[in-house]
Amino acid sequence: MNMIKDYEMVIGLEVHCELGTKTKIFCGCPTTFGAEPNTQCCPVCMGMPGTLPVLNKQVVEYAIKAGMATNCTIAKFSKQDRKNYFYPDLPKAYQISQYDLPLCEHGWLEIEGENGTKKIGITRIHIEEDAGKLVHNDEYGTMVDCNRCGVPLIEIVSEPDIRSAEEAVAYFKKLRAIILYTGISDCKMQEGSMRCDVNLSVRKKGTGKFGTRTEMKNLNSFTFIQKAIEYEYKRQVEELEKGGTIIQETRRYDQASGKTYSMRKKEDANDYRYFPDPDLAPIVMSDEKLKELRDSIPTLPDERKKTYVDSYGLTPYDAELITNDMATADYFEAAAEKTANPKILANLMIAEVMKLYDAENGAIAIAPEHLAQVAEMLRSGEINSSVAKKVVKALWEHDEDACEYVRANDLGQINDEELLMSYIREAIEKNPKSVEDYKKGKVAAAKAIMGQVMSKTKGRGNPILIDTLLTKALDALK
Amino acid sequence: MNITELSVRELSEKLQKKEVSSVEATKAYFEKIEKTDGEIGAYVRLTQDVALKQAEQADKAIAEGKATALTGIPYGMKDNICTKGSVTSCASKMLENFNPPYDAFVTKKMNGENAVMLGKMNMDEFAMGSTTENSAFKVTKNPVRTDRVPGGSSGGSAAAVAAKEAAFTLGSDTGGSIRQPAAFCGVVGLKPTYGTVSRNGLVAFASSLDQIGPLTRTVEDAAVVLNAIAGHDPLDSTSVDRTYDDFTVGLKDGVKGMRAALPKEYFGEGIHPDVKAAVLKAAEEFQKMGVAIDEVSIPAMEYALPAYYVISSSEASSNLARFDGVRYGYRADSYEEMDDLYKNTRSEGFGKEVKRRIMLGSFALSSGYYDAYYKKALQVRTLIIRDFNKIFENHDFIISPVAPTTAYKIGEKTADPIEMYLGDIYTVPVNIAGLPAISMPCGFDGDGMPVGLQLIGKVFSEKTLLRAGWAFEQNGR
């Protein structure tokens, strides 16, 4: 469909992130994931009559840290409001959230898009309590599990600055990275610790006005975000091209079909009757406290990225990949101190180490100084890149001094021209057909001969040197 | 010795001198209740078993020399204050069988003092009303004349004290619910400064206005009970973090040299001449005792009543939303869909006045009306606070009536909610501003019904009010 090129999508994300406090936002119940239903709740989080909320101060501090890490203005005076609606998973029939005075506003973060670095605005970050969970059971019908009631969340609302599924994913990833850096959440997407609502509309390119938007709720993986956006974008464009209109509504993304389905229309939406919660005092932050919080934030990905690009010569894209996870960034920095060419190190990290590393469940199994050794050997020509790959894999299984390993296993690069020339002559003799092809101008035919030389060296030959020598030898036959 | 005739202070002395035991006192009160409460209907539920156990415990504490001011004293608890193991119904069908698994802050305080809970007091359903006629269970009669209402919403609490069916009671005051029934029944009622007594365990009506306080026979008793219940509670974020002096210290120091204010808005249209005369006479008595009196004005007063009904109903609409039939309390027998469960449960479980307030409040908060009602009401609140503060720059307390009239006849006002609401005009500004106020008898109307005098002070000036109240009380004796 060609028409699709005339349109652009306008996306804003609302990201919910569960804070890693030990206890809930308004009572002392634990927040542990996966406990038996209704074993982590008390009269307060179950909304029993006469109970009152007492704000967990750490929730406020965590939210402020998120705001500081995303360049927000932090409110020194903020309040909490009640969002009123009836649903069986909401014991008080209102959710304590923040309406017109959120803790953090007017922030932004940077993503690496198709056209370089792009700033995405953050409208606000506010704190709120999670609702419970409905469990459907054949025998008893629908039951309520209140364990999640009162689990502290922050909602991070972006400006409608996002223009593609890729940008949306990049934003989400970046946000996740920043939050992980601040240590306020584990951001475990499978456990629902981080989930995202996508607001999407389309408009003809060049038009200033936004189209009517739809909202897709609770997407909890990068893939779902990508696919849901792609589908919904196509659906809206097709609808408009058919002469139809987009209805403001909430849509559900179905993972199985990859389609979105209408859940409820705007006119069915609740009037939440927000008003300030009279049970809770306003949140007032002192300058000292704010400074203390600011000082507790580690160097963030963007600042590290800048260093990597400016001082280490990495591309912004590679720098982004490494800084997305504080563990890889810390590791990279430790290793970079021990090598003269951090770029080679970065390539090793991205191409080899980060493929073996499982960010959620493990650590990097090679000591940074050992990886630096590999990078150094690569730089000096002591080993070639295919050997480097082997070494990294071997060290991952059993970490040891990389130079020792290369020596012990005799993996050093062969730079001996005499020796290499003997292999080349042998290969030329054995491959008259390829030689003929090369003479006829098929340059690629040299590749087959090259492969044979390389295998003769058991992968240790200096590929550049072999290429030069081989080309010279072949050209001499012309 | 007639035990039930004694004040808290007197009974406490006799208990500690072991002239009487708490078990005897408790039994005496149950006998009195047996005799008169069939007619009065102050109690919605008696807790005899618990009471006798508490009395035994109190006697033990006295024997061990561990008695405090309320040890062994039989009292009544308003039915919207949670008592672990005893039904706390708020006089509503909705919570008819609700047995809270926790004690309110004040219940813990009472238990800590080894006070003896005789039972739970009748009230207007969820504390919404001014006559106790909105109870889902029974009508409470005014002990002074049983064809009259006891006032509300703490009508049971006031009637029990007046009928000598409890040495004291606890009530709650959102817009006058302690002071007005105290006035109607001729007893003392104290509404403390907002934040003095924890609301933890008080089933919320309007969170920013609700405050628990004592109903007693004497001003001194009010000070004694307040000593037991005032204090910071970290589990109530609106509880003020401060320490309180002993409210009985300096009680009898007199009022000479104090300055009081008479706001003209409290004596305008709608006030019954007998009420006006009695309160102005009280002002004269204060003058005779050496209090300088000035006429003052509270210009924002004319907006107080509508502001109160907007704020209290808005908060109530949200506070009472949790009664949905899902987890506890009443659930409708028949429903098909989830929405029916909510609708039927709430339609059947709540009484008429409660539903009226929920609808009022939901409307005031709804999108498009919020600015015109709720927000405006909050602005009025600021103005009222400002007007009061100005008066308290130069005055120790305000002298006013508690209500424009004395107790209504039973059934007299039930047909017209607006007329009923107008009766709250003198008490609601105090809640809006979070101030303390004491209500005490200051004479009678032509029918022999008690007239209430209200003394209002600035925040945390309970000691001044009690001192003034005590002086006035002595004067009248």
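Fair warning: this is a prediction, and the values are worked out from it, not measured in the lab.

Chemist: How would you summarise the overall build of chain A if you had to cite specific residues and measurements?
Modeler: Helix and strand counts for chain A come out as 15 helices and 16 strands. Against the compact-globule benchmark of 23 Å for 478 residues, chain A has a radius of gyration of 29 Å, which places it well outside the compact range. Along the first, second and third principal axes, the C-alpha set of chain A runs to 95 × 55 × 50 Å. Considering only intrachain contacts with a sequence separation of at least 6, the fraction spanning at least 24 residues in chain A is 69%. When the accessible area of chain A is evaluated, it comes to approximately 22400 Å², of which 51% is carbon and sulfur surface. Computing the positive centroid from 64 side-chain charges and the negative centroid from 74, chain A places the two 4 Å apart.

Chemist: Describe the state of the cysteines, listing the residues and the values that go with them.
Modeler: Enumeration according to the criterion identifies zero disulfides over all chains in this entry. The closest cysteine sulfur to the non-disulfide-bonded A:Cys27 is located on A:Cys42, 3.7 Å from its own sulfur. A:Cys27 gets classed as buried once you look at its relative accessible area, which sits at 14%. Unpaired in this structure, B:Cys185 has its nearest cysteine sulfur neighbour in B:Cys442, at a distance of 15 Å. Looking at B:Cys185, the relative accessible area reads 3%, which means it is buried.

Chemist: Kindly report on the packing of aromatic side chains, identifying the contributing residues and their values.
Modeler: Aromatic rings in a pair are described by how distant their centres are and how their planes are angled relative to each other. Residues and elements named next belong to chain B. Here the structure, examined in full by the defined rule, presents 29 aromatic pairs over all chains. Between Phe323 and Tyr328 the ring centres are 6.2 Å apart and the planes differ by 80°, which places this aromatic pair in the edge-to-face class. An identical accessibility class is assigned to Phe323 and Tyr328; each is buried. Ring pairing ties together the aromatic residues Phe98, Phe126, Phe323, Tyr328 and Phe350, which thus form one cluster.

Chemist: Residue-level account of a nonpolar patch on the surface, with values.
Modeler: A cluster of nonpolar side chains, A:Phe77, A:Leu101 and A:Val284, forms an exposed patch at the surface whose accessible area comes to about 280 Å². Mapped onto the fold, A:Leu101 is located in the loop between strand E5 (94–97) and strand E6 (104–113).

Chemist: How would you summarise the sheet that holds strand E1 (residues 7–18) of chain A if you had to cite specific residues and measurements?
Modeler: Residues and elements named next belong to chain A. Across the sheet, which stays open at both edges, the nine strands sit in the order E2-E6-E7-E10-E1-E11-E12-E13-E14 with mixed pairing between neighbours. Strands with a single pairing partner mark the edges of an open sheet, and in this sheet they are strand E2 (73–74) and strand E14 (259–265). Seen against the sheet, helix H3 (residues 222–241) touches E1, strand E11 (194–204), strand E12 (214–219), strand E13 (249–254) and E14 and runs at an angle of roughly 25° to E11.

Chemist: Tell me about the packing of helix H12 (residues 417–430) of chain A against helix H15 (residues 463–477) of chain A, residues and numbers included.
Modeler: All names here are of chain A. Two elements in contact, H12 and H15, have axes separated by 10 Å at closest approach and are oriented at 50°. Here H12 lies oblique to H15, going by the angle between them. Considering how the two elements wind past one another, H12 and H15 form a crossing that is right-handed. Here Glu417, Leu420, Met421, Ile424 and Ile428 of H12 lie close against H15, whose contacting residues are Leu465, Ile466, Leu469, Leu470, Ala473, Leu474 and Leu477. A breakdown of the residues in the contact of H12 with H15 according to their chemical character gives 11 nonpolar, no polar and one charged.

Chemist: I'd love a proper account of the nonpolar core, names of residues and values included.
Modeler: Core analysis: the biggest nonpolar cluster contains 142 residues, and B:Phe126, B:Phe286 and B:Ile399 have the highest contact counts within it. When neighbours within four sequence positions are excluded, B:Phe286 is seen to be in contact with B:Val255, B:Val291, B:Ile293, B:Phe397, B:Ile399, B:Leu453, B:Leu455, B:Ala468 and B:Phe472. Core analysis: the next-biggest nonpolar cluster, separate from the first, contains 100 residues, A:Cys17, A:Ala170, A:Tyr233 and A:Leu345 among them.

Chemist: Talk me through the environment of B:Glu13; I want residue IDs and the actual numbers.
Modeler: Residue and element names in this part refer to chain B. Of note, Glu13 is situated in helix H1 (residues 8–16). The class of Glu13 is partly exposed, set by a relative accessible area of 43%. Placed 56 residues apart in sequence, Glu13 and Ala69 show a C-alpha to C-alpha distance of 8.6 Å.

Chemist: So, the sheet that holds strand E5 (residues 188–191) of chain B: which residues are in play, and what are the values?
Modeler: All names here are of chain B. The strand order E1-E3-E2-E4-E6-E5-E10-E11-E9-E7-E8 describes an open sheet built from 11 strands, whose pairing is mixed. Unpaired on one side and paired on the other, strand E1 (43–46) and strand E8 (292–296) mark the two borders of the sheet. Strand-to-strand, the axes of this sheet are offset by a mean angle of 30°, without reference to chain direction. Here strand E9 (residues 397–401) runs beside strand E11 (residues 450–456); their pairing, made up of four bridges, is antiparallel. What sits directly across from Ile399, in E11, is Leu455. Against the sheet, helix H5 (residues 155–162) contacts E1, strand E2 (74–78), strand E3 (116–121), strand E4 (168–173) and strand E6 (211–216), and its axis sits at roughly 155° relative to E4. Docked against the sheet, helix H7 (residues 219–229) engages E4, E5, E6 and strand E10 (437–444), running at close to 145° with respect to E6.

Chemist: Can you tell me about the domain arrangement of chain A, naming the residues and giving the values?
Modeler: The domains assigned to chain A are domain 1 (3–289), domain 2 (299–408) and domain 3 (417–477). Computed from C-alpha atoms alone, the centre-to-centre distance between domain 1 of chain A and domain 3 of chain A is 60 Å.

Chemist: I'd love a proper account of the interface of chain A and chain B, names of residues and values included.
Modeler: Each partner contributes to the interface: chain A provides 30 residues, whereas chain B provides 39 residues. Between chain A and chain B the total buried area reaches about 2600 Å² when both faces are included, carbon and sulfur atoms providing 60% of it. Sorting the residues of chain A by area buried against chain B places A:Pro49, A:Phe86 and A:Arg273 first, and these three jointly supply 23% of that buried surface. Connecting chain A to chain B are one salt bridge.

Chemist: Report on the environment of A:Leu378, specifying residues and quantitative values.
Modeler: Residue and element names in this part refer to chain A. The topology assignment puts Leu378 in helix H9 (residues 368–380). Using a relative accessible area of 22% as the deciding quantity, one classes Leu378 as partly exposed. Residues Leu378 and Asn341 lie 37 residues apart in sequence; the distance between their C-alpha atoms is 9.7 Å. Excluding residues within four positions of it along the chain, Leu378 makes contact with Ile344, Leu348, Ile383, Asn384, Ser385 and Ala388.

Chemist: Give a detailed account of helix H12 (residues 371–394) of chain B, specifying residues and quantitative values.
Modeler: When the terminal C-alpha atoms of H12(B) are compared, their 35 Å separation across 24 residues agrees well with the 34 Å that a helix rising 1.5 Å per residue should span. Burial in H12(B) covers these residues: B:Tyr374, B:Ala377, B:Val380, B:Arg381, B:Ile384, B:Asp387, B:Phe388, B:Ile391 and B:Phe392.

Chemist: Run through the packing of helix H4 (residues 105–112) of chain B against H7(B), naming residues and quoting values.
Modeler: Residue and element names in this part refer to chain B. Orientation of H4 relative to H7, taken along the N-to-C sense of each, is 110°, at an axis distance of 9 Å. Taken together, H4 and H7 sit at an angle that is classed as roughly perpendicular. Mapping the contact onto sequence places Phe105, Val106, Lys109 and Met110 in H4 and Val225, Ala228 and Ile229 in H7. Each residue belonging to the contact of H4 with H7 can be placed in one class, and the counts come to six nonpolar, no polar and one charged.

Calculation rules
- Residues numbered from 1 in each chain as written.
- Chains lettered and ligands numbered in written order.
- Predicted model: local features only at pLDDT ≥ 70, side-chain atom pairs only at ≥ 80, totals over all residues.
- Heavy atoms only, no water.
- Helix = DSSP H or I, 4+ residues; strand = E, 2+ residues; numbered from the N terminus.
- Rg over C-alpha atoms; globule rule 2.2 N^0.38 Å.
- Contact = heavy atoms within 4.5 Å.
- Areas by Shrake-Rupley, 256 points an atom, 1.4 Å probe, with all protein chains shown as cover.
- Lys, Arg positive; Asp, Glu negative; His and termini not counted.
- Charge placed at Lys NZ, Arg CZ, Asp CG, Glu CD.
- Disulfide = S-S within 2.5 Å.
- Buried < 20%, exposed > 50% of the residue type's maximum accessible area, 1.4 Å probe, protein only.
- Phe/Tyr/Trp six-rings, centres within 6.5 Å; stacked < 30°, edge-to-face > 60°.
- Patch = residues over 30% accessible without salt bridge, like charges linked within 9 Å, V, L, I, M, F, W, Y side chains within 5 Å.
- Salt bridge = Lys/Arg side-chain N within 4 Å of Asp/Glu carboxyl O.
- Pairing = 2+ DSSP bridges.
- Axes fitted to C-alpha atoms, helices over the stretch in contact; angles between N-to-C directions.
- Parallel < 35°, antiparallel > 145°, perpendicular 65-115°, else oblique.
- Left-handed = near helix turned anticlockwise from the far one by under 90°.
- Nonpolar A, V, L, I, M, F, W, Y, C, P; charged D, E, K, R; others polar.
- Core = buried A, V, L, I, M, F, W, Y, C linked by side-chain atoms within 4.5 Å.
- Domains from an automatic or database assignment.
- Buried area = accessible area lost by both parts, 1.4 Å probe.
- Expected span 1.5 Å × (residues − 1).

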